[in-house]
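Chain by chain, the residues run as shown.
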Amino acid sequence: MDGQAQIVVERVNHTYRPPRGRPVLALSDISLDIRPREFLALLGPSGCGKSTLLYLVGGFLPIEAGRILVEGKPVAAPGPDRGIVFQHFALFPWKTVRGNVLYGLERQGLPRPEREKRAQAFIDMVGLHGFEDSYPSQLSGGMRQRTAIARTLAIDPSILLMDEPFGALDAQTRSLMQTELLKIWQRSPKTVIFVTHDVQEAVYLAERVAVMSARPGRVKAIVETKFPNRDPSILRSKEFVEKVDQLWNMVRDEAIKAQEATGS
Ligand SMILES: Nc1ncnc2c1ncn2[C@@H]1O[C@H](COP(=O)(O)OP(=O)(O)OP(=O)(O)O)[C@@H](O)[C@H]1O
Ligand SMILES: [Mg+2]
């Protein structure tokens, strides 16, 4: 095992056992090492277990087989070292945008003026200035998603688990948020596991991309996607376009397998 790894996923399985219906083997024998301060993207067909893997690393699901270590310690529960942006936002419906972003900061025990300043800075960063007093039900899907992102980033965790964090955003907002995320990652280096369906986004943001196989998910390939810089002009370079193509083909193969398996 790589002594340098910050997060070690070793031979992990996960089976969902719904109260009604058959058990579902979501992850089978999955192993993955993530280095400190690495930006890793996870790509794979719908249903291959990407969210399940993030929940396990986040400590939201029990580890039934295999082990997950963070900084050498087995994951047993959620912790302040790991911030998660859930695929379905998971905001508190009874709290405003400000209340949602403040929530994590209150738990950290920051003094009130500092909490409020920090919450406001992240609300502004995600472009929700003017919506501080709105409730989630009064926001669009993209605005809810941005609230969830602000809430998690404000806590400044050393590990960021992001499950399709920009999925509900329009192309322009998405591009702005990508730039902000990269700035944060460069300014206060963090380890990021970033789930996306967008191959171009994965190649642009991440240093390595792990491609997962169709369910039961495991890591099919790991592709290095480091470029000399992250200027958006690289999106048009030959190397970048070739990398996107290469990954597209891998993901498409798995998506076809996933479809065949469900018989659709
Ligand atoms: N609570 C649950 N009960 C039963 N099966 C579940 C449950 N949650 C997920 N699954 C199954 O586990 C598998 C993996 O689900 P998961 O949500 O991790 O996939 P995913 O890769 O995140 O998919 P997507 O890209 O659509 O978000 C799927 O086949 C799904 O049907
Ligand atoms: Mg998912």
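Residues numbered from 1 in each chain as written. Chains lettered and ligands numbered in written order. Predicted model: local features only at pLDDT ≥ 70, side-chain atom pairs only at ≥ 80, totals over all residues. Heavy atoms only, no water.

A. Inspection of the coordination of the magnesium ion (ligand 2) at higher detail. Only S51 (OG) and Q87 (OE1) from the protein coordinate the magnesium ion (ligand 2), and they sit 2.0 to 2.2 Å from it. In this pair, S51 sits in helix α1 (residues 50-58) while Q87 sits in the loop between β6 (82-85) and α2 (97-108), placing the two residues 36 residues apart along the sequence. Residue classification places S51 among the buried residues on the basis of a relative accessible area of 14%. (Donors = N, O, S within 2.8 Å, 3.2 Å for Na, K, Ca; no water. Helix = DSSP H or I, 4+ residues; strand = E, 2+ residues; numbered from the N terminus. Buried < 20%, exposed > 50% of the residue type's maximum accessible area, 1.4 Å probe, protein only.)

B. Structural view of the site of ligand 1. Within the structure, ligand 1 sits among 15 residues, and S46, G47, K50, S51 and T52 are positioned closest to it. A distance of 3.2 Å is found between an oxygen atom of ligand 1 and a backbone nitrogen or oxygen belonging to C48. Contributions of two or more residues to the shell around ligand 1 are made by β2 (24-34) and α1. At three residues, the largest contribution of residues to the shell around ligand 1 is made by α1. (Near = heavy atom within 4 Å. Polar contact = N/O pair within 3.5 Å; in protein donor to acceptor, adjacent residues only side chain to side chain.)

C. Representation of the packing of α2 against helix α3 (residues 112-125) in the model. Between α2 and α3, the shortest axis-to-axis distance is 9 Å and the interhelical angle comes to 125°. If you check the angle between α2 and α3, you find them oblique. The two elements α2 and α3 meet at a crossing, and its hand is right-handed. Side by side, α2 and α3 meet where V97, R98, V101, L102, L105 and E106 of the first sit next to R115, E116, R118, A119, Q120 and I123 of the second. Among the residues forming the contact of α2 with α3, the class breakdown is six nonpolar, one polar and five charged. (Axes fitted to C-alpha atoms, helices over the stretch in contact; angles between N-to-C directions. Parallel < 35°, antiparallel > 145°, perpendicular 65-115°, else oblique. Left-handed = near helix turned anticlockwise from the far one by under 90°. Contact = heavy atoms within 4.5 Å. Nonpolar A, V, L, I, M, F, W, Y, C, P; charged D, E, K, R; others polar.)

D. Spotlight on the pattern of salt bridges. Applying the stated criterion across every chain yields a total of 16 salt bridges. In this structure, E116 and R112 form a salt bridge, with 3.2 Å as the shortest nitrogen-oxygen distance. Here E116 pairs with R112, and both are found in helix α3, just four residues apart, close to one helical turn. Residue E116 is classed as partly exposed on the basis of its relative accessible area of 34%. Looking at R112, the relative accessible area reads 53%, which means it is exposed. Each of R35, E38 and R208 takes part in one network of salt bridges that share partners. (Salt bridge = Lys/Arg side-chain N within 4 Å of Asp/Glu carboxyl O.)

E. How the structure looks around the packing of aromatic side chains. Under the criterion given, the structure shown has eight aromatic pairs. Ring centres 6.2 Å apart and planes at 45° place the aromatic pair Y55 and F86 in the tilted group. Highlighted residues: Y55 in helix α1 and F86 in the loop between β6 and α2, separated in sequence by 31 residues. Geometrically, the ring pair formed by F92 and Y103 is edge-to-face, given 4.6 Å between the ring centres and 65° between the ring planes. Of the two residues, F92 is situated in the loop between β6 and α2 and Y103 in helix α2; the sequence distance between them amounts to eleven residues. (Phe/Tyr/Trp six-rings, centres within 6.5 Å; stacked < 30°, edge-to-face > 60°.)

F. Just the nonpolar core, in detail. Core analysis: the largest hydrophobic core is formed by 51 residues, its most contacted members being F39, L153, F166, L181, F194, V209 and L247. In terms of residues, this core owes the most to one element, helix α4 (residues 141-154), which gives six residues. The residues touching L181, leaving out its near neighbours within four places in the chain, are F39, L153, L160, M162, F166 and F194. One finds L32, L54, V75 and I159 within the second-largest nonpolar core, a separate group that totals 24 residues. (Core = buried A, V, L, I, M, F, W, Y, C linked by side-chain atoms within 4.5 Å.)

G. Region of interest: the packing of α4 against helix α5 (residues 171-187). Axis separation between α4 and α5 bottoms out at 13 Å; the angle between their running directions is 5°. Classified by the angle between their axes, α4 and α5 sit roughly parallel to one another. Every residue of α5 that contacts α4 at R146, I149 and L153 is listed here: T173, M177, L181 and I184.

H. Layout of the pairing of strand β3 (residues 39-43). Extensive coverage of β3 is indicated by the burial of five of its five residues. What you see with β3 is no split at all: F39, A41 and L43 on one side and L40 and L42 on the other are buried throughout. Relative to strand β9 (residues 208-212), β3 runs parallel, the two sharing four bridges. Of the residues in β9, the one forming a bridge with A41 is V209. (Pairing = 2+ DSSP bridges.)

I. Structural detail: the sheet that holds β9. Taken in spatial order, the six strands line up as β6-β7-β8-β3-β9-β10 in an open sheet, and their pairing is mixed. Here the strands that pair on one side only, and so sit at the sheet edges, are β6 and β10 (219-224). With strand direction ignored, the average angle separating the axes of adjacent strands in the sheet is 15°. The strands that α1 touches are β3, β6, β7 (159-163), β8 (191-195) and β9; relative to β7, the one it contacts most, it runs at about 155°.

Read these as spatial facts, not as claims about activity.
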